[in-house]
Amino acid sequence: MSFDVALIKKDFPLLQRVINNKPLVYLDSANTSQKPRQVIDAMSHFMETSYAPINRSAYQLAAESTDAFEHARGLCRTFINAPRTNEIIFTKNATEALNLVAHSWGGANLHRGDVVVLTQMEHHANIVPWHMLAASHGIELRWVPLTDDGQLDLTNLDSLLKGAKAFSFTAMSNVLGTITPVQQLCAAAHAAGAIAIVDGCQYVPHNVTDVVAWGADFLTFSSHKMCGPSGIGVLWGREELLNAMPPFLGGGNMIADVRLDGFTCAELPAKFEAGTPPITEVIGLGAAISYLTAIGMSNIRQHEKETVTYALSALNERYGNDITIHGPSDPEVRGATLSFKFKDVHPHDLSQVLDQSNICVRAGHHCAKPLMRLLGANATARASFYLYNSLDDVDALVNALEGAGDLFSL
Amino acid sequence: MSFDVALIKKDFPLLQRVINNKPLVYLDSANTSQKPRQVIDAMSHFMETSYAPINRSAYQLAAESTDAFEHARGLCRTFINAPRTNEIIFTKNATEALNLVAHSWGGANLHRGDVVVLTQMEHHANIVPWHMLAASHGIELRWVPLTDDGQLDLTNLDSLLKGAKAFSFTAMSNVLGTITPVQQLCAAAHAAGAIAIVDGCQYVPHNVTDVVAWGADFLTFSSHKMCGPSGIGVLWGREELLNAMPPFLGGGNMIADVRLDGFTCAELPAKFEAGTPPITEVIGLGAAISYLTAIGMSNIRQHEKETVTYALSALNERYGNDITIHGPSDPEVRGATLSFKFKDVHPHDLSQVLDQSNICVRAGHHCAKPLMRLLGANATARASFYLYNSLDDVDALVNALEGAGDLFSL
Amino acid sequence: MPGLEDLYREIILDHYRTPRNRGELAPPAAKAEGHNPLCGDEIQVYIDVADGVVRDIKIGGQGCSISQSSASMMSAAVKGKSIDDIRNLVRRFKHMMSIEEEGNDSPIDESQSLGDLEALQGVVKFPVRIKCAVLSWNTLLDALNNA
Amino acid sequence: MPGLEDLYREIILDHYRTPRNRGELAPPAAKAEGHNPLCGDEIQVYIDVADGVVRDIKIGGQGCSISQSSASMMSAAVKGKSIDDIRNLVRRFKHMMSIEEEGNDSPIDESQSLGDLEALQGVVKFPVRIKCAVLSWNTLLDALNNA
Ligand SMILES: Cc1ncc(COP(=O)(O)O)c(C=O)c1O
Ligand SMILES: Cc1ncc(COP(=O)(O)O)c(C=O)c1O
C-alpha cells in the first residue's frame, strides 16, 4: 500500500474542522493523537451491538464481548511482537503502567540503597513513581546525561549502571524527538544485572516495535497517542517477571479466591487487571492497531522522517538564528516532534499567535521539567507531526511564525 | 416528566438487538449497564469535533475540550451533591477509587493493630485493598455480619466500631440487592471516631445520592454501571481529607514541580489524576448523568421498586419452594437485583438455559466470595433490572425458568 | 446459536447426576485444588500414584453440570493408567477443547479413542463453558505435579 | 474567536517589555513562589510589610507576556497599600477574571478604579490565559500569609 497523506487525513473527522474559515492544523500529536473514523465507529458499533461484561457472565452476548476484548489483546501482542498474549496487561494509561512496574516490581525487588537509572529526558511519568519509591524504600536514582544535541550521553553509562537493579528510559523523547538506542540500552542494562524498562509512549505509535529484538523486560505505551481512545494503556512484561510480582490494585477479576482472612491472586493477565476494565476502549485500541497496521508502521516512520527533514530545513532556512530547534538534527535518530525557541517570544504567546491561524502546538514543560532545566527554559513550543500531517501543515507553521516575532520583540 | 419504560428502552441501541428471532432481555445491569444513544453520540461527537488534550495545551481546541471535561466534573458534583468540584477525582473505575482510598488515606493513617470495619456483603473491590493493607501495615479487619434476610446485622455495630479508624461499606449489595442505612452507618462511624467510606457502585446509578445528607467522608462509583462508558470511575472525598493525603499514582498532571531530587504535588483534583485522563469517557459520563437527571433519579428508583415488587411476587407465586430468592423481601430496603437458587440447577447451567431465550443473567460469585460462603453457595444466578427493563422482561425470565428444572433435576 | 442438545448430551447428564469416583483419599495421596474464578466452581482431585501409575483417584468439590461431568469422566478415564498415558490424554482432551499448549508442537497421538469423553465435544461451541470442562483436567495436572 | 488585539493591549506589552519592580528583597522580607503547572511559568513575589502596609514589593521569575505584565501591574498597584486594601484588590481582580471565591458572598467594593489593570480584562475571552494573569496575584496572597 502506498502512503497517501491526503487520503489518511480524510479518515480523521476532527481534522476536517474549519474554524473562522481556516482549516485546523493539528500539531500536538505527541500530546494526544486524533482518532480515525474507523476507531470511533468501532467503539460506537460495539456499544450499539455487543457491549457486555468481560470475563464474568456466561451468556452469548458476554462471550462475544469477551472474545472481542481478548482479540484486541492478541492484536497488542502482535503489534509489539510480545512472546505471549497473557503478558499484555491493560491499564488506564502509560502512567499507570509505569506506576505498576515501580510499585509492584520495584516495591518487591528494591531495597534501601538500591540503584535505579533514569535519563534526564524522561517524562514525569517515568520519574515521579521512582521518586515515590525513593521516599518509601530509600532507593537511589542516577541519571544518564544528555549531549549538546539532545541525545543520551552514553560515555559513562557502564559506571552509571554499575550495581543498578533497573534502567528505565524512553524510546523516544516527547520534547526533543530523540530516538534512543533501545537495543543497546537493554543490553547494557542486562550486562550490569539490571532489568530494562522501556517507556514506549512516543515510539510505539510511530515505529515498528519488537520487544524481543530489543531484549526489553517491560514496555509501556498509551492508546490515545496512537489513534486509539483515551482511557487505555498497555503494560507488556516478561511472563516470568510478571508472575513473580505481587499484585498492584486489588479487587474483582484479579483474584482466584477471597476469604475473610486473605486472598489469592488470579493468573496473568487478570492478576494486574482489577475491576471492570475499559471494555469499549480496548475494542477501540484494537481498531487503532488494525488501522495503523494496515497503513504499515514502517510507512508511517518513513513519512514522519520525510516530514521532519522538510520541517527542519524549512524552519532553519526561513528563520536562521531567530529559531533554535532542540534535539538532534539527524532525522535518522529523531521523530517528527520539534521543540523550539523563536526569538524572545514566550512559548505561551507563540502558541496563542499560532492558534489565531488554527495551528495547534503545545507550549509548556511537556511534563519533563528536569529536561526543561537542562534546556535553560521554563517552557518550549512544540510542534509534533503524525501520519495525518502533510507538508502543507509544515508550511502553515513556518508561515504563521512570521507574525509572532514582531508583536513580541523586546 | 412521566416515566415511560418503552420510550427509554428505545434510547438503547443494543436492547433492540434480536438474536435467533428473539429480542434480547438484558438482566445484567448490576454487572455493567447498557448505553443510551445519547451517551454513544456524545462520545463520537466529541471525538469528531472537539477531542484534544486536557489541561496541557493553550490553543482554542484544547481549551474547549478542557472546558467540556471540567463541565462533566461539575455534573458529577451536582449528581451526588458534593460540596466542591475539586473533590471529584476521576479514576479508571470504582476499584481504583477504593484502592486509592485504602492505599493513600489508609497507607498514611493506619498503623499496626488499627482496625478497619467492613461488612460481610462487600464486593472484592472493597475487601482486597484492605487485605493488602493488612499484609503491608498489619491492620485488623472486622466484619459486620448479616441477618437471615440479608440485611446488615447492626446489633453489635458499636462494639465492632470501637477503636476503628475507618468503616467501609456498600450502599447497596450487588448480590442481595440490600440497601444499607448509609446515613445511620456514617453517624455510627463518626461516633466511634472512624471515617465513613461508602461504596456507591450499586446505589448511585439507581437512587438520588446526597453525600452531605449521608455525612459520608468518601464515595466511590463507576460510570459503566450508570449508562456511562467503561474506563471511568469517580472518587469523591472531603476536601480536607483529600488535601491531607499523599498522592497515589505519580506522573504528569499530578505535580506542581519535578526535580532530579524530588517532586511537589499539584492541588486537587489534579493531585490524584496522574497521566492523561480518560478524556472521552469523562465526556460520556457527563452525558450519562445528564440523561439520568433528565429522567429523574427518584423516578428511576420508583420504577425499580415496582419492578422488584412485581418480580418477587411473580417468581414466588409461580415456583414456590422451588425458588429461593436471597436478600430482603421488603422492596423498601432493596434494589432490583435478585440473586436466586432454582431447584438444584447449578447457576451456570441455569444461565445457559436462559441464554437460549436471550435472557442475560449472571451466574457466579459476583465478586463477593465471602458473602457466597455465608449463603452456602459457590455461585448464584442473578437477575438485575434497570431503568430500561419492563415488566415484560420480568415475565420473560419467569417463563424461561420453567424449562431449566426438567433438564437438570437430579 | 447451537441448541442445548449439543451441550447437554445424555451421557453428560448421566455423569452429572451419578458422578463416578466422588470422595477423598487420605495422605500420602496427592491432592490439588482448582478454582474457576469466573463462576466460583471449586474442585479437588486426589490421586494415589505408585510405580508411575495412578492407582486410585477421587473427586471433591462443586460445580456446574459440565465441570462435574467432565471431572467424573476424567476420573474414570485415568484410573489405572500410567502418568505418561495420562499426560497424553490431557493434551488430547484440551486439543478437543481447542486449547493448545503454547510452545509444544509435537504431534498428538490420536490412536486411542476418547470414549465417553467425546460427548464433551459439543462444549467447544459454547466457548464460555470450555473453562468448566477443563477445570478438573488442569487440576489433575497439578495433582500429578504434587505426587 | 476574539482577535489578538483584545489580548495583547499596548499597555500589556509595555509592562511585558519594561517590567516594573523586578528584583528581590532580602529577608526579613516575606517571599512566596508560584508555579503554573500548565505552562511551566514560575514567579517569586517578595514583600516588605510594616504596620499593615506593603512598603515594598519585588517580582522575580519567568513567564509569558500575560503573566509577566500582570505581575508588573500588580506590583505597581499594591505598593504602598494596606493589606486590607490589597486583599480587596485581589478579590476585585479575580472577579474581573471571572474567578469567584467559593463560599464568600460578601459584596465586592468597586469604588476604586482598577487603573491600568483594566487592560487585562481582554484575557477573560481567552480562558486558558486566565491562569497566567492570576498567577502573580495568588502568589501575592501566599506572600501576605507568610508575612
Ligand atoms: C514519553 C512519555 N511517557 C509517558 C507519558 C504518559 O502517558 P499517559 O499520559 O498516557 O499516561 C507520555 C505522555 O504524556 C510521554 O510522552
Ligand atoms: C458493590 C460494588 N463495588 C465495587 C464494584 C467494582 O466496580 P468496578 O468493577 O467498576 O471497579 C462493583 C462492580 O463490579 C460493585 O458491584
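Structure shown above.
Residues numbered from 1 in each chain as written. Chains lettered and ligands numbered in written order. Predicted model: local features only at pLDDT ≥ 70, side-chain atom pairs only at ≥ 80, totals over all residues. Heavy atoms only, no water.

A.B. asks: It is not clear to me how the overall build of chain C should be interpreted in this structure. Could you clarify?
C.D. replies: Per the secondary structure count, chain C includes five helices and three strands. Secondary structure of chain C in N-to-C order comes out as α-α-β-β-β-α-α-α. Taking 15 Å as the expected radius of gyration for a compact globule of 147 residues, we find that chain C reaches 14 Å, a close match to that expectation. Over its C-alpha atoms, taken along the principal directions, chain C stretches across nearly 45 × 35 × 25 Å. Sorting the 147 residues of chain C into buried and exposed places 54% on the buried side. Restricting to contacts in chain C with at least 6 residues of sequence separation, those with at least 24 account for 65%. Of the side chains in chain C, 16 bear a positive and 22 a negative charge, and the two mean positions are spaced by 4 Å. (Helix = DSSP H or I, 4+ residues; strand = E, 2+ residues; numbered from the N terminus. Rg over C-alpha atoms; globule rule 2.2 N^0.38 Å. Buried < 20%, exposed > 50% of the residue type's maximum accessible area, 1.4 Å probe, protein only. Contact = heavy atoms within 4.5 Å. Lys, Arg positive; Asp, Glu negative; His and termini not counted. Charge placed at Lys NZ, Arg CZ, Asp CG, Glu CD.)

A.B. asks: Is there a simple way to think about the pairing of strand S6 (residues 140–144) of chain B in this case?
C.D. replies: Two faces belong to every sheet, and in a regular strand the side chains alternate between them. Residues and elements named next belong to chain B. Of the pairings in the sheet, the one linking strand S5 (residues 115–119) to S6 comprises five bridges and is parallel in character. Of the residues in S6, the one forming a bridge with Leu118 is Trp143. Considered for its hand, the β-α-β crossover made up of S5, helix H5 (residues 128–137) and S6 is right-handed. (Pairing = 2+ DSSP bridges. Right-handed = clockwise from strand over helix to strand, strands pointing away.)

A.B. asks: Before we go on, may I ask you to explain the sheet that holds strand S2 (residues 41–50) of chain C in this structure?
C.D. replies: The pairing of strands in a sheet happens through backbone hydrogen bonds and is either parallel or antiparallel. Residue and element names in this part refer to chain C. The strand order across the open sheet formed by three strands is S1-S2-S3, and the pairing between neighbours is antiparallel. Strand pairing shows two members of the sheet lacking a second neighbour, strand S1 (30–36) and strand S3 (53–62), which therefore form its edges. Taken over all neighbouring pairs, the strand axes of this sheet differ in orientation by 20° on average, direction set aside. Sheet strands in contact with helix H5 (residues 127–146) are S1, S2 and S3, and its direction is about 150° off that of S1. (Axes fitted to C-alpha atoms, helices over the stretch in contact; angles between N-to-C directions.)

A.B. asks: Could you clarify how one ought to interpret the interface of chain B and chain A in this entry?
C.D. replies: Often, the extent of an interface is quoted as the loss of accessible area upon association of its parts. Taken together, the contacts link 87 residues of chain B with 87 residues of chain A. For the interface between chain B and chain A, the tally reads ten salt bridges. Summed over the shared surface of chain B and chain A, the number is 49 residue pairs in polar contact (both at pLDDT 80 or more). At eight residues, helix H2 (residues 37–49) of chain B tops the list of elements feeding residues into the side of chain B that touches chain A. Looking at side-chain class alone, the side of chain B that touches chain A contains 40 nonpolar, 30 polar and 17 charged residues. (Salt bridge = Lys/Arg side-chain N within 4 Å of Asp/Glu carboxyl O. Polar contact = N/O pair within 3.5 Å; in protein donor to acceptor, adjacent residues only side chain to side chain. Nonpolar A, V, L, I, M, F, W, Y, C, P; charged D, E, K, R; others polar.)

A.B. asks: How do you make sense of the site of ligand 1 when you look at a structure like this?
C.D. replies: Around ligand 1, a shell composed of 16 residues is seen, among which Thr95, Asp199, Gln202, Ser222 and Lys225 of chain A lie nearest. More than one chain reaches ligand 1: the nearby residues come from chains A and B. Contact between ligand 1 and Asp199 of chain A: a nitrogen atom at 2.5 Å from a side-chain N or O atom of the residue. At 2.6 Å from an oxygen atom of ligand 1 is found a side-chain nitrogen or oxygen belonging to Thr276 of chain B. Protein contacts shield 99% of the accessible area of ligand 1, which totals 390 Å² for the unbound molecule. For the shell around ligand 1, a count of residues per class yields three nonpolar, ten polar and three charged. (Near = heavy atom within 4 Å. Areas by Shrake-Rupley, 256 points an atom, 1.4 Å probe, with all protein chains shown as cover.)

A.B. asks: For this particular structure, what's the right way to read the arrangement of the chains?
C.D. replies: For the five pairs of chains in contact, the maximum contact count is reached by chains A and B. Spatially, chain C and chain D are disjoint, and the shortest separation between their C-alpha atoms is 44 Å.

A.B. asks: I tried to follow the pairing of strand S7 (residues 164–170) of chain B on my own but got confused; where do I start?
C.D. replies: All names here are of chain B. Counting buried positions over the seven residues of S7 gives six, a clear majority of the element. Relative to strand S8 (residues 195–199), S7 runs parallel, the two sharing five bridges. In the strand pairing of S8, Phe169 is matched with Val198. Regarding the hand of the β-α-β motif, the stretch spanning S7, helix H7 (residues 182–191) and S8 is right-handed.

A.B. asks: For this particular structure, what's the right way to read helix H5 (residues 128–137) of chain A?
C.D. replies: An α-helical segment advances 3.6 residues per turn. Residues three or four places apart therefore align on the same side. Residues Val128, Pro129, Trp130, His131, Met132 and Leu133 of chain A constitute the buried set of H5 of chain A. Directly after H5 of chain A, the chain includes Gly138 of chain A, whose backbone phi takes a positive value near 70°.

A.B. asks: Help me out: how do you make sense of helix H11 (residues 297–319) of chain B in this one?
C.D. replies: For H11 of chain B, built from 23 residues, the straight-helix expectation of 33 Å at 1.5 Å per residue is met to within 8% by its first-to-last C-alpha distance of 32 Å. One or two steps after H11 of chain B, the chain reaches Gly320 of chain B, where phi turns positive at roughly 45°. (Expected span 1.5 Å × (residues − 1).)

A.B. asks: Please explain the packing of aromatic side chains as it appears in this structure.
C.D. replies: The relative placement of two aromatic rings is captured by the distance of their centres and the angle of their planes. Residues and elements named next belong to chain C. For the coordinates displayed, the defined rule picks out 20 aromatic pairs over all chains. Considering the side-chain rings of Phe93 and Trp137, the 4.1 Å spacing of their centres and the 10° angle between planes classify their relative orientation as stacked. Of this pair, Phe93 sits in helix H4 (residues 83–96) while Trp137 sits in helix H5, and the two are 44 residues apart along the sequence. Pair check on accessibility: Phe93 and Trp137 agree, each one buried. (Phe/Tyr/Trp six-rings, centres within 6.5 Å; stacked < 30°, edge-to-face > 60°.)

Purely geometric numbers; function is a separate question.
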